Amino acid sequence: MNEIKIAQAPVFTSPNPMTFICTKKPNGKNNMATLAFWTYASTNPGKVVFSLNKGAYTLELLAKNKEVVIAVPGVSLTGALIACGTSSGRATDKVEKFGIAMQKLAGTEIEIPEATRLAIVASVCETVDADDHVLHICNVKNVFADESVEAVFGWKGYGEFAAAQKK
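Residues numbered from 1 in each chain as written. Predicted model: local features only at pLDDT ≥ 70, side-chain atom pairs only at ≥ 80, totals over all residues. Heavy atoms only, no water.

(A) Layout of the packing of aromatic side chains. Applying the stated rule across the entire model yields one aromatic pair. For the ring pair W38 and Y40, a centre distance of 5.1 Å and an interplane angle of 70 degrees mean the geometry is edge-to-face. (Phe/Tyr/Trp six-rings, centres within 6.5 Å; stacked < 30°, edge-to-face > 60°.)

This is the structure:
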C-alpha cells in the first residue's frame, strides 16, 4: 500500500453519491448547493450527517433556519450540479440562473429539483467544528423517492459525474 493524502481518498471509494443541499433564503427563495460529504448516521431514529465548507453561504442559512432537504439528483441534472457547486447563492438565484425545474414536497416549504431520485427532509440538531468544515447531525423528518430517476455519482474523486452501473 502507498500512503496518500485524505483529499485523494474519494478516488478509491468512487462512485460517491452526489447531492444538492436545499435550503430557504431570507427572501423566501430556494438555495441549492452541491454537497458531496454526507451519509446516513442512523435508521431508528433516522439521522443523516453532512459537512459544509466554512465559507459556504448555506452555513449562514442553516444557522437561522435549521431545516434542510438533501436531494439526490438524477443524471439529467449533472450540469446543474456542477454549476451550483461553482457559484454562491449569496448573490445568485441558482434555480433561475440555471433553469432548474422545481417541485414541492409535503411537510416542507423547501422545494427540490423535479429530477430527484431521493429527498431527505431533515432538521439540524447538532453541529460540530471540523476544522475547515462544519459537521451537521440532522433528524430525518420525511423521506421521498422516485425510482424512475437514475442518480448521478461522483467518480475519480469528484472529477467526473455520471450514473453508476452494475458490474
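(B) Region of the structure containing the sheet that holds strand β1 (residues 16–17). Spatially, three strands are ordered β1-β11-β12 in an open sheet, and the strand pairing comes out antiparallel. Single-partner strands in this sheet number two, and they are β1 and β12 (160–162). Judged from the three bridges that link them, strand β11 (residues 153–155) and β12 form a sheet pairing that is antiparallel. Note that in β12 the partner of F153 across the bridge is A162. (Pairing = 2+ DSSP bridges. Helix = DSSP H or I, 4+ residues; strand = E, 2+ residues; numbered from the N terminus.)

(C) Up close: the sheet that holds strand β9 (residues 116–130). The sheet built from seven strands is open, its strands ordered β3-β2-β6-β9-β10-β5-β4 with antiparallel pairing. Two strands bound the open sheet, and with one partner strand each, they are β3 (30–35) and β4 (38–43). Mean inter-strand twist for the sheet, computed between neighbouring axes without regard to direction, equals 35 degrees. In terms of strand pairing, strand β6 (residues 67–73) meets β9 through seven bridges, oriented antiparallel. Bridging from a neighbouring strand, I70 pairs with I120 of β9. The sheet strands contacting helix α3 (residues 78–85) are β2 (19–24), β3 and β6, and the helix crosses β3 at an angle near 95 degrees. (Axes fitted to C-alpha atoms, helices over the stretch in contact; angles between N-to-C directions. Contact = heavy atoms within 4.5 Å.)

(D) Representation of a nonpolar patch on the surface within the structure. Residues I4, V11 and F12 make up a contiguous nonpolar surface patch of roughly 300 Å² in combined accessible area. Tracing the backbone shows F12 in helix α1 (residues 9–12). (Patch = residues over 30% accessible without salt bridge, like charges linked within 9 Å, V, L, I, M, F, W, Y side chains within 5 Å. Areas by Shrake-Rupley, 256 points an atom, 1.4 Å probe, with all protein chains shown as cover. Salt bridge = Lys/Arg side-chain N within 4 Å of Asp/Glu carboxyl O.)

(E) Local environment of the side chain of K25. Structurally, the position occupied by K25 is in the loop between β2 and β3. Not counting residues up to four positions away in its chain, the partners in contact with K25 are N30, N31, Y57, L61, G89, T92 and D93.

(F) Expanded view of the pattern of salt bridges. Under the counting rule described, the total for this entry stands at six salt bridges. A salt bridge links K156 to E160, with the shortest nitrogen-to-oxygen separation between them at 3.1 Å. Judged by relative accessible area, which is 39%, E160 ranks as partly exposed. (Buried < 20%, exposed > 50% of the residue type's maximum accessible area, 1.4 Å probe, protein only.)

(G) View of helix α2 (residues 57–64). Listed in full, the buried residues belonging to α2 are Y57, T58, L59, L61 and L62. Buried positions along α2 lie against β2, β3, β5 (46–53), β6, β9 and β10 (133–145).

(H) View of α3. Within α3, the full set of buried residues consists of T78, A80, L81, A83 and C84. Buried residues along α3 sit in contact with β2, β3, β6, α4 (94–97) and β12.

(I) Here's a closer look at the environment of S14. In this fold, S14 is placed in the loop between α1 and β1. A relative accessible area of 23% places S14 in the partly exposed class. When the C-alpha positions of S14 and R90 are compared, they lie 31 Å apart, and in sequence the two are 76 residues distant. In contact with S14, not counting residues within four places along its chain, are G154, W155, K156 and G157.

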